[in-house]
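Observations on chain architecture
Chain by chain, the residues run as shown.
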Amino acid sequence: MTKVTGDNGFQRVLVVCTDADDHTGLKHAAMMCDAAKRDGRQVPIIEVLSVVEPQPGEDFIQALGGASLDRLEEMRRDDRRAHVAQALLDVGLPDSTPATIVSGKGFVEIIRRSLEVEADLVIKPAAQVNGLHAHIFGSADLHLLRKCPCPVWVVRPFPDAALDGGEGPKPSATPLVVAAVDFDRDADATGDTSQDALNGSIVEAAVSIAHASGAALIFVHAWQAPAEGLLQRAAPGVSSSELAQYVREVERWHHAALDTFVGAARLGVGTKVSQMSSALLQGDADEAIARYVNERRPIALVMGTIGRTGIPGVIIGNTAEDILIAIDGSVLAVKPPGFESPLHLD
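What you are looking at is a predicted structure, and each value in this text was computed from that prediction instead of being measured.

**A short note on the pattern of salt bridges**
Scanning the model with the defined rule gives nine salt bridges in all. Across the pair Arg112 and Glu109 runs a salt bridge, and its minimum N-O distance is 2.9 Å. Of this pair, Arg112 and Glu109 both sit in helix H4 (residues 106–117), three residues apart, roughly one helical turn. A relative accessible area of 28% places Arg112 in the partly exposed class. For Glu109, a relative accessible area of 16% translates into the label buried. Taking the shortest distance from any N to any O, the salt bridge between Glu116 and Arg113 comes out at 2.8 Å. Pair noted here: Glu116 and Arg113 are both in helix H4, with a separation of three residues, about one helical turn. Glu116 sits in the partly exposed class, given a relative accessible area of 42%.

Written as structure tokens, this is what we have:
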């Protein structure tokens, strides 16, 4: 049984600030600090990181006799430093908030800094991706989600429904956090508790951000009857009523597992979340969860990233990555206990 308390929340948060984001990540960090103060808890340590990456055309500027590459980099860092200072002022975080400006490859520097400060959460604006696939996470974000040693919250606004004539899903009047959990039917027989532990991490993360933002929390779980289609084709002796009974039994198991899980979560987190509910979704997890999230437009989908390959850094399985590609909103990806990043400090 998953034990969830959510008592401490995130304690060391690394917020990535770019020159183009709307400071949503910093706003979430500020709300976490405010929630800790209200509860009388230790206020999280917030640190800001901004990575200045090389820009196209710098060699051309140097060839024309302009500033050296070192001078161009220094100018960009000064501009970014001023931008971060203004962003802190805009969201109400102290100007004494530590801010580090570095040059390099974005996701590499983020992972390196998260290791240096032992962050337990990274918040980052989604990379801007243009064209028909603007809703898909950029490759740098996927690298970060796969390889960062701690949970990563990639934030981005949903597309403005007004831009398409007011059609499409509208955000809920009450902020929502959706947490996707899964269950292992064979865990009791095999003694494998990895899914249970991952579920606990998912809920702790979801409770932390729901509490800070005053959001309702919805647990979702997708299920389908294994080999239902195969039985229809390959076992002509199975009647339609027997097949329907089999599907109902599978559904009952998943329904009971979700109810038990949510009941334990309610007991564990107490009044930290004012509204807590669940939704049992039938179908492929990637399609069912993505459709649910895109319809309800939560401030975040909290989900686990788990791979069974045993290869360091290869952690986002096919289902998790398909969900990332299909949703239009923010994702907080939680690592399984014991995960180690393939990137290490020198």
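Now that the structure has been shown, the text picks up again.
**Focus on the side chain of Ser330**
As for its placement among the helices and strands, Ser330 is situated in the loop between helix H11 (318–326) and strand E10 (331–334). Residues in contact with Ser330, not counting those within four places in the same chain, are Trp153, Val154, Val155, Arg156, Ile299, Ala300 and Leu301.

**As for the environment of Asp286**
Tracing the sequence through the fold places Asp286 in helix H10 (residues 285–296). When the C-alpha atoms of Asp286 and Ala222 are compared, they prove to be 8.6 Å apart, with 64 residues separating the residues in sequence. Beyond its immediate sequence surroundings of up to four residues, Asp286 is in contact with Thr319, Asp322 and Ile323.

**Regarding H10**
Two residues of an α-helix separated by three or four positions point the same way, owing to the 3.6 residues in each turn. Between its first and last C-alpha, H10 extends 16 Å over 12 residues, near the 16 Å set by a 1.5 Å rise per residue. One or two steps after H10, the chain reaches Arg297, where phi turns positive at roughly 55°.

**Overview of the sheet that holds strand E3 (residues 99–103)**
Within the open sheet, the 10 strands sit side by side as E3-E2-E1-E4-E5-E10-E9-E6-E7-E8. Their pairing is mixed. Each edge of the open sheet is held by one strand with a lone partner, namely E3 and strand E8 (276–282). Across the sheet, the mean angle separating the axes of adjacent strands is 20° when strand polarity is ignored. Relative to strand E4 (residues 121–125), strand E1 (residues 12–16) runs parallel, the two sharing three bridges. Residue Val13 lies in a different strand from E4, and its bridge partner there is Leu121. Contacting strand E6 (176–180), strand E7 (216–223), E8 and strand E9 (300–304), H10 crosses the sheet at an angle of about 155° to E7.

**Description of the environment of Arg38**
If you trace the backbone, Arg38 turns up in helix H1 (residues 24–39). Distance in space between the C-alpha atoms of Arg38 and Ala212 is 9.8 Å, their sequence separation being 174 residues. Setting aside its immediate chain neighbours within four residues, Arg38 contacts His211 and Ala212.

**Some thoughts on the pairing of E4**
In terms of burial, E4 is a largely internal element, five of the five residues being buried. Neither face of E4 is exposed, since Leu121, Ile123 and Pro125 on one face and Val122 and Lys124 on the opposite face are all buried. As paired strands, E4 and strand E5 (residues 152–155) are joined by four bridges and run parallel to one another. In the sheet register, Ile123 faces E5, and the bridge partner there is Trp153.

**Some details on the packing of H4 against helix H5 (residues 139–147)**
The geometry of H4 relative to H5 is characterised by a closest axis approach of 9 Å and an angle of 25° between their N-to-C directions. Regarding the angle of H4 to H5, the classification is roughly parallel. Pair H4 / H5 crosses with right-handed handedness. Contacts between H4 and H5 pair Phe107, Ile110 and Ile111 from the former with Ala140, His143, Leu144 and Lys147 from the latter.

Thresholds applied
- Residues numbered from 1 in each chain as written.
- Predicted model: local features only at pLDDT ≥ 70, side-chain atom pairs only at ≥ 80, totals over all residues.
- Heavy atoms only, no water.
- Salt bridge = Lys/Arg side-chain N within 4 Å of Asp/Glu carboxyl O.
- Helix = DSSP H or I, 4+ residues; strand = E, 2+ residues; numbered from the N terminus.
- Buried < 20%, exposed > 50% of the residue type's maximum accessible area, 1.4 Å probe, protein only.
- Contact = heavy atoms within 4.5 Å.
- Expected span 1.5 Å × (residues − 1).
- Pairing = 2+ DSSP bridges.
- Axes fitted to C-alpha atoms, helices over the stretch in contact; angles between N-to-C directions.
- Parallel < 35°, antiparallel > 145°, perpendicular 65-115°, else oblique.
- Left-handed = near helix turned anticlockwise from the far one by under 90°.

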